[in-house]
Structure formats: C-alpha cells, structure tokens
Amino acid sequence: VQLQASGGGLVQAGGSLRLSCATSGLPYSTRAMGWFRQTPGREREFVAAIRWSGGNTYYADSVKGRFTISRDNAKKTVYLQMNSLKPEDTAVYYCALSLYAIVSSFSSSRAYEYWGQGTQVTVSS
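Not measured: the values here are computed from a predicted model. (Residues numbered from 1 in each chain as written. Predicted model: local features only at pLDDT ≥ 70, side-chain atom pairs only at ≥ 80, totals over all residues. Heavy atoms only, no water.)

### Things to note about the overall build of the protein
Convention followed: The numbering of helices and of strands both runs from the N terminus, where a helix is a DSSP run of H or I of at least 4 residues and a strand a run of E of at least 2. The reference for a compact globule is 2.2 Å times residues^0.38; the radius of gyration itself is calculated from the C-alpha atoms. For this analysis, residues touch if any pair of their heavy atoms sits within 4.5 Å. Every accessible area reported is derived by Shrake-Rupley at a probe size of 1.4 Å, with residue values counting cover from the shown protein chains alone. A positive count includes Lys and Arg, and a negative count includes Asp and Glu. His and the chain ends are not counted in either. Throughout, a charge is located at the NZ atom of Lys, the CZ atom of Arg, the CG atom of Asp or the CD atom of Glu.
Counting secondary structure elements, the protein contains zero helices and eleven strands. Put simply, the protein runs from its N terminus to its C terminus through helices and strands in the order β-β-β-β-β-β-β-β-β-β-β. The C-alpha atoms of the protein give 13 Å as radius of gyration, which agrees with the globular expectation for 125 residues (14 Å, within 12%). Each of the three principal axes of the protein carries a C-alpha extent, and together these read 40 × 25 × 25 Å. Considering only residue pairs separated by 6 or more positions, the protein has 56% of its internal contacts joining residues 24 or more positions apart. When the accessible area of the protein is evaluated, it comes to approximately 6,400 Å², of which 46% is carbon and sulfur surface. Positive and negative charge centroids in the protein, built from 13 and 7 side chains respectively, lie 6 Å apart.

As structure tokens, this is what we get:
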C-alpha cells in the first residue's frame, strides 16, 4: 500500500487549498482514511477522517465547517478541501489509511497502519 499526498502550498489567510491523497494497492478491507497534521515539537493532530464503506465523515472541532474530506472510489483518492484557512492551520499534512479502526478510534494516529509522506501547508497572515 502506498499513499501519495499532494496539493500543499502557501496561501493567504482566508484562502483555500485542496489536498489529494492518491493510493496504490488499496486493500479491499480498508476501513477508513484520514488526514492528520503536525507542527514542529507537537504531536500529530487529527484533522478529518472518512469511513471507506458508507462515506461517513468526521472532523476535529478546529476545522469543522471549514474543511471537507471526500473520496473518489474510482480514482482511489481522498481529498481534503480546506477553506477559510487560518495561520494556525499551518502544518505538514499527512494522509493515512486504516484497515482495522473502529469509529471511536478514527481520530487516533495509532489506528492507522499506512501513511503518506506529508505535504506542507503554510497560511500567511
């Protein structure tokens, strides 16, 4: 299984970006995919997750109403549409895949077995 994140960049506060996570070797048993972010010296933070079967979505309170996670089954790609970006959204964003997670663990980085390489998002004030 390989995950390739892309779409990061530099944007002004209030702007938008769309991150993509392309997958290869996607297992039939995939339970969920998620986005996390990390800044230097801090633990990886949950951003959003999508249940692969059914498409239910879950968000951190800090991004609810601004970010939208979605998937394209045919392209085996997950997206994170980020609107109304704030300087505090600046981080390296990682996509991740879980084979076994239950809903209550979707926000835990430990529930994900596979990770992409990360893409930098910088929001200037």
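Okay, back to it.
### What about the side chain of Thr 23?
Convention followed: In protein, a polar contact requires one atom able to donate a hydrogen and another able to accept it; more generally it is a pair of N or O atoms within 3.5 Å, and residues adjacent in sequence count only if both atoms are side-chain atoms.
Looking at where Thr 23 falls in the secondary structure, it is placed in strand S3 (residues 17-24). A polar contact is formed between the side chain of Thr 23 and the backbone oxygen of Lys 76, at a distance of 2.7 Å. If sequence neighbours within four positions are ignored, Thr 23 has contacts with Gln 2, Leu 3, Met 33 and Lys 76.

### Some points on the layout of surface pockets
Which entries qualify depends on this criterion: Two kinds of site are reported from a 1 Å grid over the protein atoms alone, namely cavities, where a 1.4 Å probe fits but cannot get out, and pockets, open sets with protein on both sides within 12 Å along at least five of seven lines, and residues are called lining when an atom falls within 4 Å of a point. Grid points are joined across faces, edges and corners, and a volume is the space filled by probe spheres set on the points.
Taken as a whole, the largest pocket encloses approximately 170 Å³ of empty space. Forming the walls of the largest pocket are Arg 37, Gln 38, Thr 39, Arg 42, Glu 43, Glu 45, Glu 88, Thr 90 and Ala 91.

### Some points on the sheet that holds strand S7 (residues 67-72)
Hydrogen bonding along the main chain pairs the strands of a sheet, whether they run parallel or antiparallel. Cut-off, in case you're wondering: We treat two strands as partners when DSSP finds at least two bridges between them. A fitted line through C-alpha atoms represents every axis, and for helices the fit uses only the stretch in contact; the resulting angles, taken between N-to-C directions, go from 0 to 180 degrees.
With respect to topology, four strands assemble into an open sheet ordered S1-S3-S8-S7, the strand pairing being antiparallel. Edge strands, defined here as strands with exactly one partner in the open sheet, are strand S1 (2-6) and S7. The average angle at which neighbouring strand axes cross in this sheet is 15°, direction not considered. Where S1 lies against S3, five bridges are found, and the strand directions are antiparallel. In the strand pairing of S3, Gln 2 is matched with Ser 24.

### Notes on the nonpolar core
Using the following cut-off: To qualify as a nonpolar core, a set must consist of buried Ala, Val, Leu, Ile, Met, Phe, Trp, Tyr and Cys residues joined through side-chain atoms within 4.5 Å. Summary of the burial criterion: residues with accessible area below 20% of their type's maximum are buried, those above 50% are exposed, and those between are partly exposed, where the area comes from a 1.4 Å probe applied to protein chains only.
Core analysis: the biggest nonpolar cluster contains 38 residues, and Trp 35, Leu 80, Met 82 and Tyr 93 have the highest contact counts within it. Looking at this core, the elements that each hand over two or more residues are S1, S3, strand S4 (32-38), strand S5 (45-51), S7, strand S8 (77-82), strand S9 (91-98) and strand S11 (119-124). Those residues in contact with Leu 80 that sit more than four places away from it in its chain are Leu 17, Arg 18, Leu 19, Trp 35, Val 47, Ala 48, Phe 67, Thr 68, Ile 69 and Tyr 93.

### Details of the pairing of S7
With six bridges connecting them, S7 and S8 associate as antiparallel partners. Paired with Ile 69 across the bridge in S8 is Leu 80.

As far as function goes, none of this settles anything; it's purely spatial.
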